[in-house]
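One-letter residues, chain by chain:
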Amino acid sequence: IAGRAWRVKSGLLTSMYRDEHIWPPHEPMMGDVNGSDALHQIRTGVHAFKTEKAALEYASTTQMAIYYNGSTPPLFVVGRVKLWGEVIEHERGYRAEYAKVYSLDVALGVDDQMLQWLRALYVNGSPQG
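The structure displayed is predicted, hence computed values, not measured ones. (Residues numbered from 1 in each chain as written. Predicted model: local features only at pLDDT ≥ 70, side-chain atom pairs only at ≥ 80, totals over all residues. Heavy atoms only, no water.)

## Quick word on the overall build of the protein
Step number 1: Counting its regular elements, the protein contains two helices and eight strands.
Step number 2: Secondary structure of the protein in N-to-C order comes out as β-β-β-β-β-β-α-β-β-α.
Step number 3: Of the contacts formed within the protein by residues at least 6 apart in sequence, a portion of 58% connects residues at least 24 apart.
Step number 4: Accessible surface, the protein: about 7,500 Å² in total, of which carbon and sulfur atoms supply 51%. (Helix = DSSP H or I, 4+ residues; strand = E, 2+ residues; numbered from the N terminus. Contact = heavy atoms within 4.5 Å. Areas by Shrake-Rupley, 256 points an atom, 1.4 Å probe, with all protein chains shown as cover.)

Set out below in structure tokens:
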């Protein structure tokens, strides 16, 4: 179990780094821990922080940086993911082959109704409404 931050876009969770990467609500996110993205100079796989606190700090810093650059602050949710398959540990976190949303605990700019919707969709697997 590890900490993770997501952007919220059109009622779905997306990657913080690349918001075109939508997390599937009813299935695990998959990644290739041995691959790399040369364009963005990062190792691929599903990334997560060692603690939820670190994920919250990252989301808060990202939100403020975007806000100070004159854009509308994006919506973020912070929670925890369950990691499995091949998992590689790093100093601040992990890269995993598979991950699934375990909890959604903190919202930044997201109202309670949207947070409940996301919890139902990603954690409970059955949104209503």
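Alright, that's what it looks like, and here's the rest.
## So, the side chain of Ser 103
Step number 1: One can find Ser 103 in strand 8 (residues 93-108).
Step number 2: In this structure the side chain of Ser 103 is engaged in a polar contact, spanning 2.8 Å, whose partner is the side chain of Asp 105.
Step number 3: For Ser 103, the residues in contact, after removing those within four places along its chain, are Trp 6, Gly 79, Arg 80 and Val 123. (Polar contact = N/O pair within 3.5 Å; in protein donor to acceptor, adjacent residues only side chain to side chain.)

## A closer look at the pattern of salt bridges
Step number 1: Summed over the entire model, instances satisfying the criterion amount to two salt bridges.
Step number 2: A salt bridge links Glu 89 to Lys 50; its shortest N-O distance comes to 2.7 Å. With a gap of 39 residues between them, Glu 89 in strand 7 (residues 75-89) and Lys 50 in the loop between strand 6 (46-49) and helix 1 (52-68) connect regions that are remote in the sequence.
Step number 3: In this structure Glu 89 comes out as exposed when scored by relative accessible area, which is 53%.
Step number 4: Of the charged contacts, one joins Asp 105 and Arg 80 as a salt bridge, the two residues approaching to 3.7 Å between their closest N and O atoms. With Asp 105 in strand 8 and Arg 80 in strand 7, this pair connects stretches of sequence that are 25 residues apart.
Step number 5: Asp 105 gets classed as partly exposed once you look at its relative accessible area, which sits at 33%.
Step number 6: What makes Arg 80 partly exposed here is its relative accessible area of 30%. (Salt bridge = Lys/Arg side-chain N within 4 Å of Asp/Glu carboxyl O. Buried < 20%, exposed > 50% of the residue type's maximum accessible area, 1.4 Å probe, protein only.)

## Focus: helix 2 (residues 112-124)
Step number 1: For helix 2, every residue scored as buried is listed here: Leu 115, Leu 118, Ala 120, Leu 121 and Tyr 122.
Step number 2: Between the side-chain oxygen at the start of helix 2 and the backbone nitrogen of Gln 113 there is a gap of 3.2 Å, and the oxygen is on Asp 111.
Step number 3: Backbone geometry just after helix 2 places Gly 125 at a positive phi near 80°.

## Quick look at the nonpolar core
Step number 1: Of all hydrophobic cores here, the largest spans 20 residues; its most connected members are Leu 13, Trp 23, Val 77, Val 81, Leu 104 and Tyr 122.
Step number 2: Where this core is concerned, the elements lending two or more residues are strand 1 (2-9), strand 6, strand 7, strand 8 and helix 2.
Step number 3: Residues contacting Tyr 122, with those up to four places away along its chain left out, are Leu 12, Leu 13, Trp 23, Pro 24, Pro 25, Lys 100, Val 101 and Leu 104.
Step number 4: Counting nine residues, the second largest nonpolar core, distinct from the first, contains Met 16, Phe 76, Val 78 and Leu 108. (Core = buried A, V, L, I, M, F, W, Y, C linked by side-chain atoms within 4.5 Å.)

## Observations regarding the environment of Met 114
Step number 1: By the secondary structure assignment, Met 114 is in helix 2.
Step number 2: A sequence separation of 106 residues divides Met 114 from Val 8, and the C-alpha atoms of the two residues are 9.4 Å apart.

## Some words on the packing of aromatic side chains
Step number 1: As enumerated under the stated definition, the model contains three aromatic pairs in all.
Step number 2: When the ring of Trp 6 is compared with that of Trp 23, the centres are 5.5 Å apart and the planes differ by 90°; the resulting orientation is edge-to-face. Here Trp 6 is found in strand 1, whereas its partner Trp 23 is found in the loop between strand 2 (12-14) and strand 3 (29-30), with 17 residues between them in sequence. Here Trp 6 matches Trp 23 in class, with each residue buried.
Step number 3: Between Trp 84 and Tyr 98, the ring centres sit 5.7 Å apart and the planes meet at 15°, which makes this aromatic pair stacked. Residue Trp 84 is located in strand 7, and its partner Tyr 98 is located in strand 8; the two are separated by 14 residues in the primary sequence. (Phe/Tyr/Trp six-rings, centres within 6.5 Å; stacked < 30°, edge-to-face > 60°.)

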